[in-house]
Amino acid sequence: MILLYKFFILTFFALLFAKPINPIGTEKSVLISNSKKKSKNYKYYELDKSGLVFEDLGSFSNDDSLRIKLYIREVIAKEKKEKQKFKVDVSLNGISETVSFKNKSMGKHLLKNRPGWATTDAGIWFLDVKYSDFKNLRINRKSNEKLIIRTVVDKIDRSKLVSRTISTINNQKKYKIDTKSQKSGKLISRYWYKLEQNSDKLKFEVEGPTSIRVFSRISNPSHNSKANDYSLFIKENGLDIGTFSFSSELSSLSNLNETGEKVSKWRTCWINVPKGKHYYTISKGSFFSREDSYYANTQDAIIEDSSNTYIRVKRYDKD
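Everything numeric here is computed off the predicted structure, so don't read it as measured data.

(A) Molecular detail of the overall build of the protein. Helices and strands together make up the secondary structure of the protein, namely zero helices and 24 strands. Within the protein, the fraction of its 319 residues that count as buried is 47%. A separation of at least 24 residues holds for 74% of the contacts in the protein among residues at least 6 apart in sequence. Just so you have it, the protein exposes about 17700 Å², and 46% of that area is on carbon and sulfur atoms.

(B) Representation of the pattern of salt bridges within the structure. If you walk through the whole model with that rule in mind, you get nine salt bridges. Close ionic contact of R114 with E46 constitutes a salt bridge, the shortest N to O distance being 3.2 Å. With R114 in the loop between β8 (106-111) and β9 (117-120) and E46 in strand β3 (residues 37-47), the pair connects residues that are 68 residues apart, well separated along the chain. Its relative accessible area of 31% is what places R114 among the partly exposed residues. E46 sits in the buried class, given a relative accessible area of 14%. Between K155 and D64 there is a salt bridge, with the nearest N and O atoms lying 3.5 Å from each other.

(C) Representation of the pairing of strand β19 (residues 250-256) in the model. Pairing geometry for strand β14 (residues 175-180) and β19, over three bridges, is antiparallel. Paired with I177 across the bridge in β19 is L256. Sheet topology places β19 next to strand β20 (residues 262-264); two bridges connect them, and they run antiparallel. Paired with N255 across the strands is K262, a residue of β20. Between the end of β19 and the start of β20, which pair antiparallel, lie five residues, with G260 showing a positive phi angle near 80°.

(D) Representation of the packing of aromatic side chains. The final tally for this structure, using the stated rule, is seven aromatic pairs. With a centroid separation of 5.7 Å and an interplanar angle of 55°, the aromatic rings of F60 and Y131 are classed as tilted. Remark: Y131 occurs in the loop between β10 (123-130) and β11 (137-141) and F60 occurs in the loop between β4 (52-54) and β5 (65-77); sequence separation between them is 71 residues. On the numbers, 4.7 Å between centres and 50° between planes, the contact of W270 with Y316 is tilted. Remark: Y316 occurs in strand β24 (residues 309-318) and W270 occurs in strand β21 (residues 267-284); sequence separation between them is 46 residues. For R67, the ring lying beneath its charged end belongs to F126, and the centroid distance is 5.1 Å.

(E) Looking closely at the nonpolar core. In terms of nonpolar packing, the biggest core is built from 26 residues, with I68, L70, V88, L137 and I139 touching the most fellow members. Of all the elements in the fold, those that place two or more residues in this core are β3, β4, β5, β6 (84-92), β7 (95-104), β10, β11 and β12 (147-157). The residues touching I68, leaving out its near neighbours within four places in the chain, are L57, L92, W125, F126, L127, V129, F134, L137, T151, V152 and V153. Core analysis: the second largest hydrophobic core is formed by 22 residues, L195, V206, Y230 and Y280 among them.

(F) Layout of the environment of I177. Note on placement: I177 falls in strand β14. The exposure class of I177 is buried, given its relative accessible area of 1%. Along the sequence, I177 and K262 sit 85 residues apart, while their C-alpha atoms lie 9.5 Å from each other.

Each value, and the rule that gives it
Residues numbered from 1 in each chain as written. Predicted model: local features only at pLDDT ≥ 70, side-chain atom pairs only at ≥ 80, totals over all residues. Heavy atoms only, no water. Helix = DSSP H or I, 4+ residues; strand = E, 2+ residues; numbered from the N terminus. Buried < 20%, exposed > 50% of the residue type's maximum accessible area, 1.4 Å probe, protein only. Contact = heavy atoms within 4.5 Å. Areas by Shrake-Rupley, 256 points an atom, 1.4 Å probe, with all protein chains shown as cover. Salt bridge = Lys/Arg side-chain N within 4 Å of Asp/Glu carboxyl O. Pairing = 2+ DSSP bridges. Phe/Tyr/Trp six-rings, centres within 6.5 Å; stacked < 30°, edge-to-face > 60°. Lys NZ or Arg CZ within 6 Å of the ring centre and 35° of its normal. Core = buried A, V, L, I, M, F, W, Y, C linked by side-chain atoms within 4.5 Å.

That is the geometry; function is a separate question.
Okay, here's the thing in structure tokens:
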């Protein structure tokens, strides 16, 4: 799962520790140091034509939520004064997006043992992922700039946060989903909203800074988990945050209260909400097929989700 996921300069959660991770293979590395604190060195990897691939985030538990933080710098000659721009492709678990940076000035960091060369200020990008969902992270360059990248993993500590469920602004009907507790055997009931048609939309008002967590699950999932792919399209204040893609499986513990209809296990994504009042719109996303021979040499086929999608949104604030 993942997400790709939006960057905010102001992050809301406390992070327990930061750990640099290394790409697979024999990638070239460089050391940089702060011009004022030369005793402190940072290891970066060169982004060449083959890109960088990360497959190991280190030792965490499957339930841990992690933040992968990328520091991306361009290597430039010391005498170069103009501001720089560069972009990279970032792919988490096969879901890609292009990340662009511009107006990057020469930074305070110098390349070790490479006189005459310096780096720009870092372009920073965040990706949040649950440890059990992580498969791989790939970074590819989009142009010929000489880029170096440092990748750090933080564990997100949500233990001191208070959560509460958010209602839609337009009082839409709620549907009760019952889940049997594996520990006590009792039924736990929670209310969800339903996206039935591809044109359906749920709207929420959120006052920041905070973070919201969007829970989702689909109706009548297949016993074949590969057939249970679905996606959500989310906007903030009318602007696209992006499409979040999920793959789930049949839940043996949950069903719709009214009809007994089976549902999938829930999947989730996190969104950081900046300061002020903001409006979020959630609708079904669409998939694009490139494999169906019927559409060879034509535009990609849009695969619409015909199942019902159930949504529940919670906000998380400091205690």
